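Architecture at a glance
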Amino acid sequence: MTPLAADRVLRTHATRFKHWLQEYPGNEIGYPHWKHVEAHFSELLVTGGVGRLNQDELTALLYLIARGWDIGRMIAWLSNTPTLSNLGDLEREDFLILARLAATIEGTEYDDARYQFAASIRKLRPLNADTESVLLAFYDSTDEYTKRLALISLAQGGYPGIRALIEESWRTIEEEHHKIGCLECLSEYVGDETLLREYLDKARDLPGRYLRDYAEHLRASLP
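All of the points below concern the structure found in this document. Given the structure is predicted, the values throughout are model-derived calculations rather than measurements. Going along each chain's sequence as written, the residues are numbered from 1 onward. Given that this is a predicted model, residues contribute local features only at a pLDDT of at least 70 and side-chain atom pairs are listed and counted only at 80 or more, while totals for whole chains, interfaces and linings are drawn from all residues. Side-chain numbers here rest on the full set of heavy atoms in the structure, without hydrogens or water.

Scanning the protein from terminus to terminus reveals 11 helices and 0 strands. We count a stretch as a helix when DSSP gives it H or I for four or more residues in a row; a strand needs E for two or more, and each element gets its number in order from the N terminus. Seen in sequence order, the protein has helices and strands lined up from the N terminus as α-α-α-α-α-α-α-α-α-α-α. Just to be clear, the radius of gyration here is over C-alpha atoms, and the globule rule we use is 2.2 Å times residues to the power 0.38. Here the C-alpha atoms of the protein give a radius of gyration of 19 Å, agreeing with the 17 Å that 2.2 N^0.38 yields for 223 residues. Its C-alpha atoms put the protein at 60 × 40 × 30 Å along the principal axes. With 223 residues in all, the protein has 51% of them scored as buried. We call two residues contacting when some pair of their heavy atoms lies within 4.5 Å. Excluding contacts between residues fewer than 6 apart, the proportion of contacts in the protein whose partners are at least 24 apart in sequence is 65%. Areas reported as accessible are Shrake-Rupley estimates using a 1.4 Å probe. Residue values count occlusion only from the protein chains shown. Put simply, the protein shows about 11,000 Å² of open surface, and 50% of that area lies on carbon and sulfur atoms. Looking at the protein, you have 25 positive and 35 negative side-chain charges, and the mean spots of the two groups are 2 Å apart. Relative accessibility under 20% of the residue-type maximum defines a buried residue, over 50% an exposed one, and the middle range a partly exposed one, all with a 1.4 Å probe and only protein chains included. The positive count covers Lys and Arg only, the negative count covers Asp and Glu only, and His and the chain ends enter neither. Every charge is mapped to an atom, namely NZ of Lys, CZ of Arg, CG of Asp or CD of Glu.

Laid out in structure tokens, this is it:
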């Protein structure tokens, strides 16, 4: 398929999907042409076509990835396996091309793509300066879920500045699941029991049933 044909296909898919949502708002999973979107994405991966797409083509693809967040077949962000894509071998550079765009493009319609990449980029282990910079851009997102998943990915990847980011998140984000994410980073990846106990003490009097339950679970697991 020529680059021009790829351009037409991606833009047509995105336009058709937008029209579908206008007629059936909130019914992304019911879109009848997902198999065609996924087949074209798979072809791009197999042929190395992602790297040949221009900005508009990549933006259309990113929009479709965002809209398919709850299907999870384009970016395997819900999977615990090392696989980056359920449609084939999504090469590291293909993945990073899309992740860099997701980290910098403006518009809340791309939030559902941002957090997919923020979660699944941890599969590119070990983290390096390139993947860390992308994750830090995701951490700077105004979307809380994206910020939280980027924080966890950085912690899992052994980011040297993770303690400072946890402190910043704890101080500036009141949402209880974000604080749970901070505790998860400390308990699962940082490996500093003294620091974990300090944050568990901070969580003791904070509102939020889920936060209290998680903090109690962690306290009970400490020696």
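A pairing counts as a salt bridge when a side-chain nitrogen of Lys or Arg comes within 4 Å of a carboxyl oxygen of Asp or Glu. Overall, the coordinates contain 14 salt bridges when judged by the stated rule. A salt bridge links glutamate 144 to arginine 148; the shortest N-O distance between them is 2.9 Å. You can see glutamate 144 and its partner arginine 148 sitting in helix α7 (residues 144–156), 4 residues apart, about one turn around the helix. We note a salt bridge from arginine 219 to glutamate 216, for which the minimum N-O separation is 2.7 Å.

All right, on to helix α2 (residues 34–47) then. Each residue after the first adds 1.5 Å to the expected span of a helix. With 14 residues, α2 extends 20 Å from end C-alpha to end C-alpha; this agrees with the ideal 20 Å at 1.5 Å per step. Within the sequence span of α2, burial applies to Trp34, Val37, Glu38, His40, Phe41, Ser42, Leu44 and Leu45.

Here we come to the side chain of lysine 179. Here lysine 179 is to be found in helix α9 (residues 176–190). With no salt bridge to any partner, buried lysine 179 finds its closest opposite charge in glutamate 174, at an N-O distance of 4.5 Å. Not counting residues within four places of it along the chain, the set of residues in contact with lysine 179 comprises Trp170, Ile173, Glu174, Leu206 and Leu211.

As far as function goes, none of this settles anything; it's purely spatial.
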